[in-house]
Amino acid sequence: MLHSLNPDRLKKIIGVFDREYGDIPGLDVPPLYGVPVWDMPYIIGDEKPEDWSPWLELVGYASFMEHEIKGLPDFVNVVRAPEPGMIRRCSLWVEQSYIPISKVAVYRVNEELFLKEVARRLNVGVTKNTRVLLKNHVWELGAVSLGAGVSFPVYLVRRLHQARDAIIESLSKHNAHGLVLLTGKKNPVHQKWPPGIEVQRLWDVIAGDGLRFDVSQPMLNTGVSIVVNTPVVVRSAKVENTVTQTTSKIDVETKRSSFDEIKNERGETIVAYDWNNHVLSIPGKPDWYLEGETRQAAIVEYLFEKAKSGVWEVKHKDIMFQTEPSYGGSRHITNVFRNNRTWREFILIFGRGKWGFDVVHG
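This one's a predicted model, so the numbers in the text were calculated from it and none came from an experiment.

1. Observations concerning the sheet that holds strand S23 (residues 354-357)
- Judged by pairing direction, the sheet is antiparallel, and its three strands sit side by side in the order S21-S23-S22 without closing on themselves. Two strands in the sheet have a free side with no partner beyond their single neighbour: strand S21 (314-315) and strand S22 (347-349).
- Here S21 runs beside S23; their pairing, made up of two bridges, is antiparallel. Counted as the bridge partner of lysine 315 is lysine 354 from S23.
- Packed on one face of the sheet, helix H8 (residues 295-308) meets S21, S22 and S23 and runs near 85° to S23.

What follows is the structure, encoded as structure tokens:
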């Protein structure tokens, strides 16, 4: 059963694991840690979370729920109803009828099973070696052996954007060196890591049956000063390790072209984005310089990617979810840009909670 996750389902489990966050007010219980049921469709699709057992576990029920009010997403508090298994929303703006308590369920990935599955796919002995370096954020899975007595530790890091300083401090305090795998969609290229650490996305390493990751000699042993890269190839469940060496530097993150543009049918550029410098360009407007690795930049980049696919009006909920919000932070785009006076020159609301670039794209 533990080996039955196909690549698509494994990717979704990683997505749920990465989305878990704390301080979700519980219904009659302390704060919960997990993912509210209303966010689940964006990760696992139309399937019911309860059908993902044992990978997903119900941890409790939130004391609030998401609800659309006047075309915009908002939250309303809930209380238990007299009927078992039912709740009632507490708001003057919504109907007071009873609804199933499942509407406020909070789920979490079965951590033990998940870590074992990741370790199995990396050929890491997780049972005896796994330890938590920072609760809910950093795990040391064990070591990957390259043969001839050579091995390197592997660490799993979740929600780097949420606890960046604490995560870096934890790795430094434990003298961590080796391969750090991020559960999120991005590998921040400007993030400074402790010496002897290389970083990749978890999904890039364990996608499908063909597993591959690149590590360098200084990462294997922080006392080694030479720079020699060692690509390690791990294939299938049988785990066949192949070690080679090269003197050229291998970039562990897929690079995209720095300057990207969207053109209309006449070949005219209507929106352009500089991925390296985080600059949005729209003809007729001054260039918009954004600070990299921020929520504002993430929103602009998400809107740009959607526009490239032909979607110019994006649901507010999609924008906020895909740019990794955490409960207690900003849940509305206007709050994210509240310290930026020029953003309204570039982003518009198109009614019924949809947003996009202020351009003529027809």
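2. A word on the packing of aromatic side chains
- Scanning the entire structure with this criterion turns up 11 aromatic pairs.
- Grouping aromatic residues by their ring pairs yields a cluster made of Trp288, Phe337, Trp343, Phe346 and Trp355.
- The positively charged end of arginine 19 is found above the aromatic ring belonging to phenylalanine 321, 4.2 Å away from the centroid.
- Over the ring of phenylalanine 17 we find arginine 158, and its NZ or CZ is 4.0 Å from the ring centre.

3. A few points about helix H1 (residues 7-19)
- Here H1 is 13 residues long and its end C-alpha atoms lie 18 Å apart, about the 18 Å a rise of 1.5 Å per residue gives.
- Regarding H1, the residues found buried are Leu10, Lys12, Ile13, Ile14, Gly15, Val16, Phe17, Asp18 and Arg19.

4. Some thoughts on the pairing of strand S18 (residues 269-274)
- Along S18, five of the six residues are buried, which leaves the element largely enclosed by surrounding structure.
- In this sheet, S18 lies alongside strand S17 (residues 259-263) in antiparallel orientation, the contact comprising five bridges. Note that in S18 the partner of phenylalanine 259 across the bridge is aspartate 274.
- Linking S17 to S18, which pair antiparallel, is a turn of five residues; within it glycine 267 sits at a positive phi near 85°.

5. Some remarks on the nonpolar core
- Core analysis: the largest hydrophobic core is formed by 52 residues, its most contacted members being Phe114, Leu122 and Leu156.
- Take this core: its biggest share by element is six residues, from helix H3 (residues 111-122).
- For leucine 156, the contacting residues outside a window of four places in its chain are Phe17, Phe114, Leu115, His137, Val138, Trp139, Leu141, Leu181, Thr183 and Leu202.
- In this structure, Ile270, Tyr273, Ile299 and Val336 belong to the second largest nonpolar core, which totals 29 residues.

6. Details of the pattern of salt bridges
- Summed over the entire model, instances satisfying the criterion amount to 15 salt bridges.
- Notably, a salt bridge pairs glutamate 111 with arginine 108, separated by 3.6 Å at the nearest N-O pair.
- Since its relative accessible area comes to 25%, glutamate 111 is described here as partly exposed.
- For the salt bridge of aspartate 358 with lysine 285, the shortest nitrogen-to-oxygen distance reads 3.3 Å. One end of the pair, aspartate 358, is in the segment after S23; the other, lysine 285, is in the loop between strand S19 (279-281) and strand S20 (288-289), and 73 residues separate them in sequence.
- Its relative accessible area of 28% is what places aspartate 358 among the partly exposed residues.

Cut-offs used in this document
Residues numbered from 1 in each chain as written. Predicted model: local features only at pLDDT ≥ 70, side-chain atom pairs only at ≥ 80, totals over all residues. Heavy atoms only, no water. Pairing = 2+ DSSP bridges. Helix = DSSP H or I, 4+ residues; strand = E, 2+ residues; numbered from the N terminus. Contact = heavy atoms within 4.5 Å. Axes fitted to C-alpha atoms, helices over the stretch in contact; angles between N-to-C directions. Phe/Tyr/Trp six-rings, centres within 6.5 Å; stacked < 30°, edge-to-face > 60°. Lys NZ or Arg CZ within 6 Å of the ring centre and 35° of its normal. Expected span 1.5 Å × (residues − 1). Buried < 20%, exposed > 50% of the residue type's maximum accessible area, 1.4 Å probe, protein only. Core = buried A, V, L, I, M, F, W, Y, C linked by side-chain atoms within 4.5 Å. Salt bridge = Lys/Arg side-chain N within 4 Å of Asp/Glu carboxyl O.

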